[in-house]
Amino acid sequence: KEDAFKNLRTKRTALAFKRIIFPHIKFKTKQLQDLLEEMKKVVIYRTNKDSFVREIDFYGTTYTLATGGIHTQDKPVVLKSTDKYVYVHHDYTSYYPSIMISYEVVPAHLNRKVFAKMVDYFKQTRVKCKHTDDKDGFVVPGVHNKLAAEALKIVINAIYGKYGYENFWLYDRLAQMRVTINGQLMTMTLCESLELAGIHVVSANTDGIVIKLPYDKVDVYNQICKEWNETNKMSADDEHYKMLVSLNVNNYFDIQSNDKIEYKGALDPKQ
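Just so it is clear, the structure is predicted and the values come from calculations on it, not from any experiment.

Looking only at helices and strands, the protein features eight helices and twelve strands. Against the globule reference of 18 Å for 271 residues, the protein gives a C-alpha radius of gyration of 19 Å, in line with a compact fold. For the C-alpha atoms alone, the extent of the protein along its principal axes is close to 60 × 55 × 35 Å. The burial tally for the protein puts 45% of its 271 residues in the buried class. Within the protein, residue pairs in contact and separated by at least 24 positions form 62% of the contacts whose partners lie at least 6 positions apart. Summed over all atoms, the accessible surface of the protein reaches about 14,400 Å², with 52% contributed by carbon and sulfur. Distance between charge centres in the protein, computed from 39 positive and 33 negative side chains, equals 7 Å.

Evaluation of the coordinates by the stated rule reveals zero disulfides. The thiol of Cys191 is unpaired, and the distance to the nearest cysteine sulfur, on Cys225, comes to 10 Å. Classification of Cys191 by relative accessible area gives buried; the value is 0%.

Attention now moves to the pattern of salt bridges. Under the counting rule described, the total for this entry stands at ten salt bridges. Two residues, Glu104 and Arg112, come together in a salt bridge whose shortest N-O distance is 2.4 Å. On the basis of relative accessible area, Glu104 is assigned to the buried category, the value being 19%. The exposure class assigned to Arg112 is partly exposed, which follows from its relative accessible area of 44%. Each of Glu104, Arg112 and Lys113 takes part in salt bridges that share partners, so that together they form one network.

Here we take up the packing of aromatic side chains. Following the criterion strictly, the structure yields twelve aromatic pairs and no others. Against the face of Phe168 rests Lys162, its NZ or CZ located 5.4 Å from the ring centre. Above the plane of the ring of Tyr85 lies Lys212, whose end atom (NZ or CZ) is 4.3 Å from the centre.

Grouped burial of nonpolar side chains is what soluble globular proteins tend to show. Counting 61 residues, the largest nonpolar core has Tyr63 and Leu65 as its most contacted members. With eleven residues, the top contributor of residues to this core is helix H7 (residues 173-196). Setting aside chain neighbours within four positions, we find Leu65 in contact with Leu35, Met39, Phe52, Val53, Arg54, Ile56, Ile70, Gln184, Leu185 and Met188. One finds Leu79, Val210, Tyr241 and Leu244 within the second-largest nonpolar core, a separate group that totals six residues.

Here three strands make up an open sheet; going across it, the order is S3-S4-S5 and the pairing antiparallel. Looking at which strands have only one partner, the edges of the open sheet turn out to be strand S3 (53-58) and strand S5 (69-72). Neighbour to neighbour, the strand axes of the sheet diverge by 20° on average, direction disregarded. With respect to the sheet, helix H3 (residues 30-39) is in contact with S3 and strand S4 (61-66), its orientation differing from that of S3 by roughly 170°.

With respect to the helices, strands and loops of the structure, Lys123 is situated in helix H5 (residues 112-130). No salt bridge forms around the buried Lys123; measuring N to O, its nearest opposite-charge neighbour Asp120 is 5.2 Å away. Here the side chain of Lys123 touches Ser98 through a polar contact of 2.8 Å, side chain to side chain. Beyond its immediate sequence surroundings of up to four residues, Lys123 is in contact with Thr93, Ser94, Ser98, Ile101 and Ile156.

Moving on: the side chain of Thr61. Within the secondary structure, Thr61 sits in strand S4. Excluding residues within four positions of it along the chain, Thr61 makes contact with Ile56, Thr72, His200, Val201 and Val202.

By secondary structure assignment, the location of Phe168 is in the loop between helix H6 (145-162) and H7. Phe168 gets classed as partly exposed once you look at its relative accessible area, which sits at 26%. Residues within four places of Phe168 in sequence aside, it is in contact with Leu8, Arg9 and Lys162.

Conventions and cut-offs
Residues numbered from 1 in each chain as written. Predicted model: local features only at pLDDT ≥ 70, side-chain atom pairs only at ≥ 80, totals over all residues. Heavy atoms only, no water. Helix = DSSP H or I, 4+ residues; strand = E, 2+ residues; numbered from the N terminus. Rg over C-alpha atoms; globule rule 2.2 N^0.38 Å. Buried < 20%, exposed > 50% of the residue type's maximum accessible area, 1.4 Å probe, protein only. Contact = heavy atoms within 4.5 Å. Areas by Shrake-Rupley, 256 points an atom, 1.4 Å probe, with all protein chains shown as cover. Lys, Arg positive; Asp, Glu negative; His and termini not counted. Charge placed at Lys NZ, Arg CZ, Asp CG, Glu CD. Disulfide = S-S within 2.5 Å. Salt bridge = Lys/Arg side-chain N within 4 Å of Asp/Glu carboxyl O. Phe/Tyr/Trp six-rings, centres within 6.5 Å; stacked < 30°, edge-to-face > 60°. Lys NZ or Arg CZ within 6 Å of the ring centre and 35° of its normal. Core = buried A, V, L, I, M, F, W, Y, C linked by side-chain atoms within 4.5 Å. Pairing = 2+ DSSP bridges. Axes fitted to C-alpha atoms, helices over the stretch in contact; angles between N-to-C directions. Polar contact = N/O pair within 3.5 Å; in protein donor to acceptor, adjacent residues only side chain to side chain.

Right under this line is the structure:
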């Protein structure tokens with residue numbers, strides 16, 4: 001019955017980060033170790049964007065960590081790859097949904113395994129749509145694959161979004177914070193490993209990071225990503241840029257190695 005779900009909620013008062021942060025998250029540098037210990041002492045009572053904010057400058061890139069996710073404070077810039085290095089977008093595969101699935105981050109009033117399996121079905125279908133050409137057949141009958149992938153992306157992200165919406169039956173702010181806080185800390189572990197290996201992170205947000213990758217460190221990069229994926233139960237795709245023209249982290253366009261042009265935000269002509 002519909003009524004069996006629509007009135008469900010798990011209401012929280014205090015949200016202690018020490019209950020939220022995954023135990024496998026660890027850092028190698030004292031700067032980030034101190035940040036982690038500080039965050040484990042944090043207790044919040046609301047989950048709006050001002051409830052928790054931390055800024056940290058790490059290897060020349062300034063990161064903002066907050067309740068909604070991570071982003072870098074990017075300045076307007078034009079970046080061009082050369083014969084010595086290439087700019088690479090390390091794009092997480094449905095990052096927040098993947099955290100929900102891999103760690104069974106589910107509202108406390110629902111069946112963890114059943115709900116995580118449902119989200120995984122949506123994610124796997126979306127990924128298949130994204131990587132299947134229409135000439136090879138529609139993954140979702142009667143729907144162009146690109147359109148189906150975009151629709152399913154909205155569906156999956158809406159599921160996560162409803163974790164923090166008190167008028168919906170998925171409401172559980174602890175589950176919401178387990179996704180966002182751990183998501184950005186795991187991103188910082190990747191950024192740390194790359195910087196320690198001499199691979200500079202120029203930008204980061206919830207969806208992934210952009211790095212300046214010297215060609216003589218490609219094997220190192222691949223090994224770091226492989227280990228990170230295994231440790232954190234994640235996956236990602238890489239896009240190589242010929243050029244990145246960025247106003248800030250949310251407004252840019254890029255020209256990829258296959259000459260495909262991608263837009264986001266204010267630099268999208270359709271905006």
